[in-house]
Amino acid sequence: MAVHKKPVPVDFGGLLTTELTVVLSMGYPTEIFEVTKDLVEHWERYELLISDRIPFADAQRALELGSTPGAAEKVVVIL
């Protein structure tokens, strides 16, 4: 999931060999309150999505891990 204020180029040719499924969706600013409530109430469900927890002191490593294709699913920086 991502938010982009400007158009972002996507290399669909490079994605062809990964057999990736691209699903588009759109949210509204008011949904953040519903989503936040669900995250708090059902944190156990969402915790399963996290593949790596990196200490804040190693934030650079977290950025590298998150930007390396196939290295991680969901990287979270913790205090």
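Residues numbered from 1 in each chain as written. Predicted model: local features only at pLDDT ≥ 70, side-chain atom pairs only at ≥ 80, totals over all residues. Heavy atoms only, no water.

(A) Representation of the overall build of the protein chain. On a plain count of helices and strands, the protein chain comes out with 4 helices and 2 strands. Over its C-alpha atoms the protein chain spans a radius of gyration of 15 Å, topping by over 25% the 12 Å that the globule rule assigns to 79 residues. Judged by the C-alpha coordinates and their principal axes, the protein chain covers about 40 × 35 × 25 Å. Going through the 79 residues of the protein chain one by one, you find that 4% of them count as buried. Of the contacts formed within the protein chain by residues at least 6 apart in sequence, a portion of 19% connects residues at least 24 apart. Accessible surface, the protein chain as shown: approximately 7,600 Å² in total, 63% of it carbon and sulfur. Distance from the positive charge centre (7 side chains) to the negative charge centre (12 side chains) of the protein chain: 6 Å. (Helix = DSSP H or I, 4+ residues; strand = E, 2+ residues; numbered from the N terminus. Rg over C-alpha atoms; globule rule 2.2 N^0.38 Å. Buried < 20%, exposed > 50% of the residue type's maximum accessible area, 1.4 Å probe, protein only. Contact = heavy atoms within 4.5 Å. Areas by Shrake-Rupley, 256 points an atom, 1.4 Å probe, with all protein chains shown as cover. Lys, Arg positive; Asp, Glu negative; His and termini not counted. Charge placed at Lys NZ, Arg CZ, Asp CG, Glu CD.)

(B) How the structure looks around the pattern of salt bridges. For the structure on display, the rule yields 3 salt bridges. The residue Arg-61 makes a salt bridge to Asp-58 at a minimum N-O spacing of 3.9 Å. We classify Asp-58 as partly exposed; its relative accessible area is 33%. (Salt bridge = Lys/Arg side-chain N within 4 Å of Asp/Glu carboxyl O.)

(C) Main features of the pairing of strand β1 (residues 52-55). Here 4 bridges tie β1 to strand β2 (residues 75-78), and the two strands are oriented parallel to one another. Residue pairing in the sheet places Asp-52 in a bridge with Val-75 of β2. (Pairing = 2+ DSSP bridges.)

(D) Highlighting a nonpolar patch on the surface. Judged by side-chain polarity, Val-8, Val-10, Phe-12, Leu-20, Val-22 and Leu-24 come together as a nonpolar surface patch covering roughly 620 Å² of accessible area. Locating Val-10 in the fold gives a position in the segment before α1 (12-16). (Patch = residues over 30% accessible without salt bridge, like charges linked within 9 Å, V, L, I, M, F, W, Y side chains within 5 Å.)

(E) The arrangement of the environment of Val-10 in detail. Relative accessible area serves as the criterion here: at 46%, Val-10 is assigned to the partly exposed category. Between the alpha carbons of Val-10 and Thr-30 there is a distance of 28 Å; along the sequence they are 20 residues apart.

(F) Just the environment of Ser-67, in detail. When you line up the elements, Ser-67 lands in the loop between α4 (59-66) and β2. A polar contact is formed between the side chain of Ser-67 and the backbone oxygen of Glu-64, at a distance of 3.2 Å. (Polar contact = N/O pair within 3.5 Å; in protein donor to acceptor, adjacent residues only side chain to side chain.)

Shape descriptors only; they carry no functional weight alone.
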